[in-house]
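What follows is each chain in one-letter form.
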Amino acid sequence: MPSPTPARRSRRTLLRVTAPAAVAASLVLVPLPGAFAAPSTGAVIAEVYGGGGNSGATLKNDFIELGNPTGAAFGLSGYSVQYLPGSPGATTQWGVTPLNGSIPAGGRYLISEAPGAGGTADLPAADAGGSLNMSATSGTVALVNGTAPLSCKTAADCAADTRIVDLVGFGSAVVREGGGPAAGASNSASVARGSSLADTDDNAKDLTAGDPTPVNSKGQTTGGGTTPGGGGTPVPGDVRIHDIQGTTRISPLNTKTVTNVPGIVTGVRGYGTKGFWIQDPNPDNNAATSEAVFVFTGSAAPTVKVGDSVLVTAKVSEYYPNSAGGSQSVTELTGPKVAVLSSGNAVPAPVVLDAAKIPAGYAPDAAGGSIDNLPLDPSKYALDLYESLEGMNVEVRDVPVVQATDKYHELWVDASSADPRTNRGGVVYLGYDKPNNGRIMIQSLPPLTEQPFPVANVGDKLTGSTAGPLDYNQFGGYTIAANTVGTVQDNGLQREVADRALPSELAIATYNVENLAPGDPDAKYSELAQAVVTNLRSPDIVALEEIQDNSGAADDGTVDASATVQKFIDAVKAAGGPAYDWRSIDPVNDKDGGQPGGNIRQVFLFNPDRVSFTDIAGGDSTTAVDVTGTGKRTSLTASPGRIDPNNEAWNSSRKPLVGQFSFHNKPVFVIANHFNSKGGDQGIDSRFQAPTRSSEVQRQKQAEIEHAFIAKLEAADPNARIVSLGDFNDYQFSPAMQTLTKDGVLRDLVNDLPASERYSYVYQGNSQVLDHILVSPAFKQQHVRYDVVHINSEFATQASDHDPQVVRVKP
């Protein structure tokens, strides 16, 4: 599996689950007050807040705000707003506040109501005032043509009263419009329409909860400025984007509402996590403060365009794309009200990311703690540099592709020539302290229908300019959301073919076939089989990982995998390969991890014309294999067998499958492995530095168990020929692999390769080792030929996400 990530992706990269209370974006075009989506035909109740002066409230007063979506002023002489408790009794009466004046065209009108004992902020100057003492959580407010109290106390009766111009029920109100009252009102939250003021006569759909944002007919807010939706011309407030971003990863204004923040729109995303980026064209002199921020519009598609000059009033928030996995946060503006001042403006020039810009250090060391509140040092640490540019327009030019285009239409490049390269153009991961600082994900910001995403393999070059806002997501960390993507220069990468084994050599391979199931397309079987025949040269023994049961991912109790294996064997034969025989042990249902219901396991394929399998009865899913005999009579107690399968180290993980083979009348012991995944590990780019690799604990225990078994086998026969191979889900420098090779019981062959060739998997732009072949000392170095055969991990088209490996040994 990928490393380190909680799980394989199963959805579009940037899709966010949004809470029902998320306020959809509001847009006001200035000075065209009538330009709204689905405008109402008259005045409406725009916002209701009954928590004024209550515990936890900022505002001292309750208020009701009216809105006018039309192009003409709406006169209020003779009108009133009226309030009814959420569950009225027989004697309950409507409270009345008379109105006067008018609501400006496209503007707002503020009515202050009863104060509470708490709160710290006054409302802006109200257009009318009353003494209604509204509930913070439940009630009904009506805009009425008249000042006589209403008498209706049910939704049906009120719907029939023609004096009611608009009505809003919130909380658990009995009297409401449509399918239900608006939800989420509290001491600190109002219910409000978006600035379009759309009214479908369904309170639950039309109004959402959020921070109270009172606006009067002059457009004034609690800060004294003018906000979108008011009747005046909007002017910038006092807060700038660099004030919002601050000099650490967490905004100093987090949870606060900011008014009329100016910026130029640099990117717009109308899918997945919808919103847009704005950047201040007038930066400060502090390199640690970003000049851009993402404006999250919730379920509403943004209607601004790149080059628009806007003012945004919104709540500052910190969004963690994967909080449990330790991701960085993204500073955002949420529940926005947006005023467009002008269009067609030049966007700020991009910051060029290259080796001269990206520092040698990766991240500050907080001894495993959070770096959220540490001052950013963008000249010293790459993660700090990227954070200091969060949301800003950035650019890479003529950069190598270090991870191929995937099914989510994204790829990785490396912007730093200082990162070590593989022989085939990737970036090789050689240690926890060598994360490769220049890796950056590239995604296309415009829809794919407008800007098709390039298909590239590792080693290709993305020529010209790739530029856009610097985003962050849970699957790739810092990512360029590219408005423009460079052109692919094909490097002509070819799939490797292993050398042929000599007749005197035993060829043994490992291949993770990525959740192979009978229901997979024939094309997948054909591609995998062709690789075994052509690229691996039909090895004598093949250890397969991730073979699913006969029903695939259906969790129906099936554990037998004979149909899966036979279909693969038939595909190999159809590709011109040998008629393989096979051995495996079915797991206990749902006990070996992997895709739920799939019951993945390891399987031995072997060519009976070249090598024989020594069948020894007694092996099953729960019986531990042991060693018997000594010297040349050393043998397994069961073949195939499983190593200590009931040990807690193998909980929800695959147990090692061991088989005894005979080649040229000499025994060879082969162990097929698939250690537990890296799920739950904190990523390289985590806000916790150094990141915690929690999954290592279980793999360390697994390695200790297997090491003890191998040591016992070698104690019985110091010349035991042992090959341990498979998907160990760990690096050559990891504690687990160091444990497995302790005391020289095994040699990890990947370490015999040049550093630039040590990889079998590519994740987040790092070419890394997850698969290994290890051999016992009985196999002398001069009698071992080993290859990682690169046919998948570097390519946009893959039969599996792993590269297979093969070793040829002379027993």
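These numbers were taken from a predicted model, which means no experiment stands behind them. (Residues numbered from 1 in each chain as written. Predicted model: local features only at pLDDT ≥ 70, side-chain atom pairs only at ≥ 80, totals over all residues. Heavy atoms only, no water.)

### Observations concerning the overall build of the chain
Counting its secondary structure elements, the chain contains 8 helices and 44 strands. Across its three principal directions, the C-alpha atoms of the chain cover 105 × 60 × 45 Å. Counting over 811 residues, the chain shows a buried share of 58%. A separation of at least 24 residues holds for 71% of the contacts in the chain among residues at least 6 apart in sequence. Looking at the chain as shown, the accessible area adds up to about 28800 Å², and 50% of this sits on carbon and sulfur atoms. The chain carries 60 positive and 84 negative side-chain charges, and their two centres are separated by 4 Å. (Helix = DSSP H or I, 4+ residues; strand = E, 2+ residues; numbered from the N terminus. Buried < 20%, exposed > 50% of the residue type's maximum accessible area, 1.4 Å probe, protein only. Contact = heavy atoms within 4.5 Å. Areas by Shrake-Rupley, 256 points an atom, 1.4 Å probe, with all protein chains shown as cover. Lys, Arg positive; Asp, Glu negative; His and termini not counted. Charge placed at Lys NZ, Arg CZ, Asp CG, Glu CD.)

### Some details on the packing of aromatic side chains
Within this structure, the stated rule accounts for 16 aromatic pairs. When the ring of Tyr432 is compared with that of Phe733, the centres are 5.0 Å apart and the planes differ by 85 degrees; the resulting orientation is edge-to-face. Of this pair, Tyr432 sits in the loop between strand S22 (410–414) and strand S23 (439–444) while Phe733 sits in the loop between strand S38 (722–727) and helix H8 (735–740); the two residues are 301 residues apart in sequence, bridging distant segments of the chain. Using a relative accessible area of 27% as the deciding quantity, one classes Tyr432 as partly exposed. An aromatic cluster is defined as three or more aromatic residues linked by ring pairs; in this entry it consists of Tyr429, Tyr432, Tyr731 and Phe733. (Phe/Tyr/Trp six-rings, centres within 6.5 Å; stacked < 30°, edge-to-face > 60°.)

### Observations regarding the sheet that holds strand S27 (residues 506–516)
Pairing in this open sheet of 6 strands is mixed, and the strands run S29-S30-S28-S27-S44-S43 from one edge to the other. Each edge of the sheet is formed by a strand with only one pairing partner; in this case those strands are strand S29 (581–583) and strand S43 (784–788). Taking the axes of each pair of neighbouring strands and ignoring which way they run, one obtains an average angle of 20 degrees across the sheet. Note: S27 against strand S28 (residues 541–547), 6 bridges, orientation parallel. Paired with Ala509 across the strands is Val542, a residue of S28. Each of S27 and S28 touches helix H5 (residues 522–535); the most contacted strand, S27, lies at about 165 degrees to it. (Pairing = 2+ DSSP bridges. Axes fitted to C-alpha atoms, helices over the stretch in contact; angles between N-to-C directions.)

### Some details on the confidence of the model for the chain
One rule of thumb: low pLDDT means the predicted coordinates there are not for detailed reading. In this model, the chain carries a mean pLDDT of 92, and residues with pLDDT of at least 70 account for 93%. Of the regions scoring below 50 in pLDDT, residues 1–40 engages in 121 contacts with residues more than four places distant in sequence or in other chains. (pLDDT = per-residue confidence, 0-100.)

### With respect to the state of the cysteines
Linking two cysteines covalently through their sulfur atoms gives a disulfide. A complete count under the given rule lists 1 disulfide for this structure. In this model Cys152 forms its disulfide with Cys158; the gap between the sulfur atoms is 2.1 Å. Taking the torsion about the sulfur-sulfur bond, which here is approximately 95 degrees, the covalent link between Cys152 and Cys158 counts as right-handed. Judged on exposure class, the residue Cys152 and its partner Cys158 are both buried. (Disulfide = S-S within 2.5 Å.)

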